[in-house]
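# Structure assessment
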Amino acid sequence: MTKENETQLEIVSRATPIYVVGDSHCLIFRDLVFEQRGRYFVTKAKFLPALYARIFTDDESAFNAALFETLRDERLIRPDGSRAWAATHLTDSPFVDGAAGLSEQKRSAPILVFFLGGGDLFYFIKGMDAQTDFSLDAIPFDSGQFPARPISAMLDQKLVFESVGQILGPLFRGLRLLERAGFSNVYLHTIPPDTIDDREYERLSGHFAPAVLRYKSSVLFNAMLREFTRQNPRIGLIDTWDKTTVGGKRDDRFSLDGFHFNKLGARLTIEQLVRQLNGRLSVMPSPPSPDLIRVVTEASRVDESNAAPFRASAARFSDMHEMLEESLAQVHSEKERAEAELATFRRIAEERLTEIHTLTETAEQRLRLLQECHAEVQRLLAQRFP
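Remember, it's a predicted structure, so these values are computed and weren't measured experimentally.

An ideal rise of 1.5 Å per residue puts 21 Å on 15 residues; helix α8 (residues 263–277) measures up with 21 Å between its terminal C-alpha atoms. Within the sequence span of α8, burial applies to Gly265, Ala266, Leu268, Thr269, Ile270, Gln272, Leu273, Val274 and Gln276. Against β1 (16–22), β2 (33–36), β3 (39–47), β6 (111–115), β9 (186–189) and β10 (236–238) lie the buried residues of α8. Between the side-chain oxygen at the start of α8 and the backbone nitrogen of Leu264 there is a gap of 3.0 Å, and the oxygen is on Asn262.

When helix α9 (residues 290–299) is considered as a whole, its buried residues turn out to be Asp291, Leu292, Val295, Val296 and Ala299. Viewed end-on, α9 has its buried residues packed into an arc of 125 degrees, placing them on one side of the element. Buried-residue contacts for α9 involve α5 (157–180) and α7 (211–231).

Take the sheet that holds β9 next. The six strands lie next to each other as β2-β3-β1-β6-β9-β10, forming an open sheet whose pairing is mixed. Bordering the open sheet on either side are β2 and β10, each of which pairs with just one other strand. Each strand axis lies, on average, 25 degrees off the axis of its neighbour in the sheet, ignoring direction. Bridge analysis of β1 against β3 gives seven bridges, and the strand direction is parallel. Paired with Val21 across the bridge in β3 is Lys46. Seen against the sheet, α8 touches β1, β2, β3, β6, β9 and β10 and runs at an angle of roughly 155 degrees to β10.

We now examine the pairing of β1. For β1, the tally of buried residues reaches five of seven residues, placing the bulk of the element in the interior. Bridge analysis of β1 against β6 gives five bridges, and the strand direction is parallel. Directly across from Val21, in β6, lies its bridge partner Phe114.

What follows deals with a nonpolar patch on the surface. On the surface, a nonpolar cluster with roughly 290 Å² of combined accessible area is contributed by Val377, Leu381 and Phe385. By the secondary structure assignment, Phe385 is in the segment after α10 (317–384).

This part takes up the pattern of salt bridges. Summed over all chains, the structure comprises 18 salt bridges. Here Arg54 ties to Asp120 by a salt bridge, and the two come within 2.8 Å at their closest N and O atoms. Taken together, the residues span a long stretch of sequence, with Arg54 in the loop between β3 and α2 (65–73) and Asp120 in helix α4 (residues 118–126) at a distance of 66 residues. As a salt-bridge pair, Glu271 and Arg267 come within 3.7 Å of each other at their nearest N and O atoms. Separated by four residues within a single helix, Glu271 and Arg267 lie in helix α8, roughly one turn from each other.

This structure, assessed with the given rule, holds eleven aromatic pairs. Plain terms: the ring middles of Phe146 and Tyr215 are 5.3 Å apart, the flat faces sit at 50 degrees to each other, and that makes the pair tilted. Within this pair, whereas Phe146 is found in the loop between β7 (132–133) and β8 (153–154), its partner Tyr215 is found in helix α7, the two being separated by 69 residues in sequence. A relative accessible area of 8% means that Phe146 is categorised as buried. Plain terms: the ring middles of Phe172 and Phe228 are 4.3 Å apart, the flat faces sit at 5 degrees to each other, and that makes the pair stacked. One end of the pair, Phe172, is in helix α5; the other, Phe228, is in helix α7, and 56 residues separate them in sequence. What links up through ring pairs into an aromatic cluster is the set Phe141, Phe146, Tyr215 and Trp241. A cation over a ring is seen here: Arg214 above Tyr201, with NZ or CZ 4.2 Å from the ring centre. Lys216 extends its terminal NZ or CZ atom over the ring of Phe134, reaching a point 5.6 Å from the ring centre.

What counts, and where the lines are drawn
Residues numbered from 1 in each chain as written. Predicted model: local features only at pLDDT ≥ 70, side-chain atom pairs only at ≥ 80, totals over all residues. Heavy atoms only, no water. Helix = DSSP H or I, 4+ residues; strand = E, 2+ residues; numbered from the N terminus. Expected span 1.5 Å × (residues − 1). Buried < 20%, exposed > 50% of the residue type's maximum accessible area, 1.4 Å probe, protein only. Contact = heavy atoms within 4.5 Å. Polar contact = N/O pair within 3.5 Å; in protein donor to acceptor, adjacent residues only side chain to side chain. Arc of directions from axis to C-beta. Pairing = 2+ DSSP bridges. Axes fitted to C-alpha atoms, helices over the stretch in contact; angles between N-to-C directions. Patch = residues over 30% accessible without salt bridge, like charges linked within 9 Å, V, L, I, M, F, W, Y side chains within 5 Å. Areas by Shrake-Rupley, 256 points an atom, 1.4 Å probe, with all protein chains shown as cover. Salt bridge = Lys/Arg side-chain N within 4 Å of Asp/Glu carboxyl O. Phe/Tyr/Trp six-rings, centres within 6.5 Å; stacked < 30°, edge-to-face > 60°. Lys NZ or Arg CZ within 6 Å of the ring centre and 35° of its normal.

Okay, structure coming up:
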């Protein structure tokens, strides 16, 4: 084998990007490559430490600045006016067409997986005393798998559900806005199980909370995520809880540390995602809790009059430059079209003038013949009738 052959590179395939956006759970997905029957996928981790479910959107349905900047920097949205933005794959733009052509890719909705809620879960748990409890209204959860603990207060279930609904509501509304804006490959990931060891949890988080309270809260959060995607079937759900737990507790084969998945856990996520991309979806049953259904419905309600979910941020100079370049390109195109139409008009006008000139010459010739005939008639009449 020659040295040239030893260093020769081969293009294997073009990989489909999968954007995994959210908290620290997305970091394990950085630059992973997956293959299924000759189709390749590459995961792009977009770690946004300032992004939580509870601030995914604001009260006016404007997206969190960190999320907006990520979508913008990845060229997934682009300016569509002075204060309006739109999904890039849906915009009518020669620049977008040109970029798609140069990259040999079809224009299609990007795959977005949102891994959020872990930080919000901690925020929720931290607000409760370690000896408090709440019921889950027939949502399956086996407290007997965990050590017994003293209970000093039982929280009202409706208030607990509404509290979680308020936390997750901005995320729900934002995902609905993304879907409505044309992002048709949006997926929401369930919150993974954390460590069962209370001491490890306290060491990692700086806060003590018994495992039974943490797991019950996780089950409630995930139940709301499932109900949201059941009510909004165009938004997919990636649910790996049952695959990464044994007897309701975390299976350490998938653990990187006390909170996060390792690459085996990441593979479960992408496997389930690819199954959904291939159209193998399962219909989720309605949860047995009317309160939970009501809270999710109210929390995810979007003002339908808001037709511009990306309106809140101003364009950068580079974006404005692109808008100007595109406007100039459109002006140039219109100028070329007008010049072509003018050239056609001139050609037709010249043809008509030539026809008129020919007709004029013919008419003049006929007039001269008539005049000559008239003169001859006059001469003959003068001879005959002197």
